[in-house]
Amino acid sequence: MLYVVLSIIMTGMLIGSVIFTIRKRKKLGYTGFKSALTPICLYLIPVTQLFAYWLDILGLISWGVTMGILLFGAYFTKYSIQPEA
């Protein structure tokens, strides 16, 4: 029962965070797919872990996929929009 509650809370927080990020990007005028690659990768991490938890496959494979996504997210930071000084 607890895993259902935690999954619902995590899913709700993830959806709320995505909505907040989209609104903030629109407010700041950021457009383009390349500048959104880092947030997309960072949002894929909890999704991957949530599916691994649901399917009971927590272990080396899910953590390997998580590390791969994290490395991709770090690589795509070069496309992030830098604030003007």
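Structure: above.
*Asks:* Can you help me understand the layout of surface pockets in this one?
*Replies:* Space inside the largest pocket adds up to approximately 150 Å³. At the level of elements, α1 (2-28) and α2 (37-54) are the ones that each hand at least two residues to the lining of the largest pocket. In terms of residue count, α1 provides more of the lining of the largest pocket than any other element does, 4 residues in total. Partitioned by chemical class, the residues of the lining of the largest pocket number 6 nonpolar, 1 polar and 1 charged.

*Asks:* Even after reading the chapter, I still don't get the side chain of S62, so can you show me in this structure?
*Replies:* With respect to the helices, strands and loops of the structure, S62 is situated in helix α3 (residues 60-75). Other than its neighbours up to four places away in sequence, S62 contacts T48, Q49, A52 and I57.

*Asks:* What's the story with the environment of L44 in this structure? I'm lost.
*Replies:* Inspection of the secondary structure puts L44 in helix α2. For the pair formed by L44 and L28, sequence separation is 16 residues and the distance between their alpha carbons is 23 Å.

*Asks:* Could you clarify how one ought to interpret the side chain of T48 in this entry?
*Replies:* Looking at the element boundaries, T48 is found in helix α2. Not counting the four nearest positions on each side in its chain, T48 is found in contact with S62, V65, T66 and I69.

*Asks:* Would you explain α2 in this entry?
*Replies:* The periodicity of an α-helix, 3.6 residues per turn, causes residues three or four positions apart to be oriented the same way. When the terminal C-alpha atoms of α2 are compared, their 26 Å separation across 18 residues agrees well with the 26 Å that a helix rising 1.5 Å per residue should span. Of the surrounding elements, those touching the buried residues of α2 are α1 and α3. D56 sits one or two positions beyond α2 and adopts a positive phi of about 60°.

*Asks:* What exactly am I supposed to notice about the packing of aromatic side chains here?
*Replies:* What describes a pair of aromatic rings is the distance from one ring centre to the other and the angle between the planes of the rings. Summed over all chains, the structure comprises 4 aromatic pairs. Summarising the aromatic geometry, the rings of F72 and F76 are spaced 6.3 Å apart at their centres and angled 15° between planes, so their arrangement reads as stacked. Here the aromatic cluster, defined as three or more aromatic residues joined through ring pairs, consists of F72, Y75, F76 and Y79.

Reading the values: rules and limits
Residues numbered from 1 in each chain as written. Predicted model: local features only at pLDDT ≥ 70, side-chain atom pairs only at ≥ 80, totals over all residues. Heavy atoms only, no water. 1 Å grid on protein atoms, 1.4 Å probe; cavity = no way out; pocket = protein on both sides within 12 Å on 5 of 7 lines; lining within 4 Å. Points joined across faces, edges and corners; volume = space filled by probe spheres on them. Helix = DSSP H or I, 4+ residues; strand = E, 2+ residues; numbered from the N terminus. Nonpolar A, V, L, I, M, F, W, Y, C, P; charged D, E, K, R; others polar. Contact = heavy atoms within 4.5 Å. Expected span 1.5 Å × (residues − 1). Phe/Tyr/Trp six-rings, centres within 6.5 Å; stacked < 30°, edge-to-face > 60°.

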